[in-house]
Amino acid sequence: MSKKMSKWMLGTCGILLAGAMAVNVYALEEKDVVGTWYLNGISMGEASFHPEAMEMNGILDLKDGGNAVMDFGEDNTNSGDWKIENDKLFITQDGESVEAEFSDGTISLDTGDMRMIFGQEKEEYTPYEPGKPVAEPEMKDFEGEWDGTLMDAFGMQLPMVLAEMEFHVSISDGKADAVIVESGQETTLSLAAELNGDTLTLKPSADEEEPPMGLLVDMSIMDFQLLDDGKMCYISNSDASESAEAENTDDSDIQDGTTDSGVRIYFDKLQVTE
């Protein structure tokens, strides 16, 4: 490489580096953060969800003069202070200071167990609306790897991480393997699969031991339906019984995919790469 070309490349790299540094440097000012901020998101591990999914609301009020108020309702209000130091936002309550991340018009606070994300506009919560059951599914339609992601329990929807629960199902050739974790207790099951109408029933084979009693899932017999939005739904026995009684009505739980009692768990199909 010629000396002329080397100098040109070094000069170009210098300009690009200086430009990148200029983009990344941001002078945080009081006008950026003063005001009312609404809790719009919560992250726990890999799961992210709206706070109202766990019936939670929150407001962070950063006032002129450095006073900070965090209000979660029901007399759960904490006062403290805030300050900007070296282009970083710090919030102090009860003598404990936490660095808050200001980025893209949001303020994020890491509490250790969860990360709370605040915005200047309140985002409305829209619960998941289940699809309709597939009318005439075939056994092959259920086959594959399924991971439980959302629980509908007694009228409230919760990400599985909040329920301290995992539910994985693998279906193939008229058989299924299930791994269920409830409150840290893991159960692995080998099950026979039988399709009855639009419902797939999984239950232990005759030579299998009686499974343990589950807290939320009846492991002795499990019913699933495919939904037209691509998800699979586990239906608790109590929910299925109520739905059977309402079979001839327009507001059947099975028909609209929702329930005010019992337990439903919604599964996403995992994409298996070769």
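All figures in this text were calculated on a predicted structure; none of them were measured in a lab.

1. Comments concerning the nonpolar core
Part 1: The biggest cluster of nonpolar side chains holds 27 residues, and the ones touching the most others in it are Phe 167, Val 169, Val 217, Met 222, Phe 224, Ile 265 and Phe 267.
Part 2: At the level of secondary structure, the elements contributing two or more residues to this core comprise β10 (144-153), β12 (165-172), β13 (175-182), β14 (185-196), β15 (199-204), β16 (222-226), β17 (232-235) and β18 (263-269).
Part 3: The element contributing the most residues to this core is β12, with 4 residues.
Part 4: Those residues within four positions of Val 169 in sequence are excluded, and the remaining contacts are Gly 144, Glu 145, Trp 146, Asp 177, Ala 178, Leu 202, Phe 224 and Phe 267.
Part 5: Counting residues in hydrophobic clusters, the runner-up holds 21 residues, among them Leu 28, Val 33, Ala 68 and Met 70.

2. A word on the layout of surface pockets
Part 1: Considered as a void within the structure, the largest pocket measures approximately 300 Å³ in volume.
Part 2: Around the largest pocket, the lining is made up of 13 residues, and of these Met 70, Gln 93, Glu 96, Val 98 and Thr 111 lie nearest the centre.
Part 3: At the level of secondary structure, the elements contributing two or more residues to the lining of the largest pocket comprise β6 (88-93), β7 (96-103) and β8 (106-110).
Part 4: A per-element tally of the lining of the largest pocket places β6 first, with 3 residues.
Part 5: Here the residues of the lining of the largest pocket sort into 6 nonpolar, 4 polar and 3 charged.

3. Details of the pattern of salt bridges
Part 1: This structure, assessed with the given rule, holds 9 salt bridges.
Part 2: A salt bridge links Lys 83 to Glu 85, with the shortest nitrogen-to-oxygen separation between them at 3.3 Å.
Part 3: With relative accessibility at 42%, the residue Lys 83 sits in the partly exposed group.
Part 4: A salt bridge links Lys 231 to Asp 268; the shortest N-O distance between them is 2.5 Å. Placement of Lys 231 in the loop between β16 and β17 and of Asp 268 in strand β18 is noted, with a sequence separation of 37 residues between them.
Part 5: Overlapping salt bridges bring together Glu 101, Asp 110 and Arg 115 as one network.

4. Description of the packing of aromatic side chains
Part 1: What the rule picks out here adds up to 7 aromatic pairs.
Part 2: An angle of 85 degrees between the planes, with centres 6.3 Å apart, marks the rings of Trp 37 and Phe 102 as edge-to-face. Residue Trp 37 is located in strand β1 (residues 35-44), and its partner Phe 102 is located in strand β7; the two are separated by 65 residues in the primary sequence.
Part 3: For Trp 37, a relative accessible area of 0% corresponds to the buried category.
Part 4: Using a relative accessible area of 23% as the deciding quantity, one classes Phe 102 as partly exposed.
Part 5: Ring pairing ties together the aromatic residues Phe 167, Phe 224, Tyr 234 and Phe 267, which thus form one cluster.
Part 6: Residue placement shows Lys 231 over the ring face of Tyr 128; its charged tip is 5.5 Å from the ring centre.

5. Observations concerning unusual backbone geometry
Backbone phi values are negative for most residues with the exception of glycine, while trans is the configuration of most peptide bonds.
Part 1: Its identity as a non-glycine residue notwithstanding, Asp 94 has a phi of 55 degrees, on the positive side.
Part 2: Within the fold, Asp 94 resides in the loop between β6 and β7.
Part 3: Owing to a relative accessible area of 76%, Asp 94 belongs among the exposed residues under this scheme.
Part 4: Unusually for a residue other than glycine, Ser 183 sits at a positive phi of about 50 degrees.
Part 5: For Ser 183, the position within the fold is in the loop between β13 and β14.

Rules and cut-offs
Residues numbered from 1 in each chain as written. Predicted model: local features only at pLDDT ≥ 70, side-chain atom pairs only at ≥ 80, totals over all residues. Heavy atoms only, no water. Core = buried A, V, L, I, M, F, W, Y, C linked by side-chain atoms within 4.5 Å. Buried < 20%, exposed > 50% of the residue type's maximum accessible area, 1.4 Å probe, protein only. Helix = DSSP H or I, 4+ residues; strand = E, 2+ residues; numbered from the N terminus. Contact = heavy atoms within 4.5 Å. 1 Å grid on protein atoms, 1.4 Å probe; cavity = no way out; pocket = protein on both sides within 12 Å on 5 of 7 lines; lining within 4 Å. Points joined across faces, edges and corners; volume = space filled by probe spheres on them. Nonpolar A, V, L, I, M, F, W, Y, C, P; charged D, E, K, R; others polar. Salt bridge = Lys/Arg side-chain N within 4 Å of Asp/Glu carboxyl O. Phe/Tyr/Trp six-rings, centres within 6.5 Å; stacked < 30°, edge-to-face > 60°. Lys NZ or Arg CZ within 6 Å of the ring centre and 35° of its normal.

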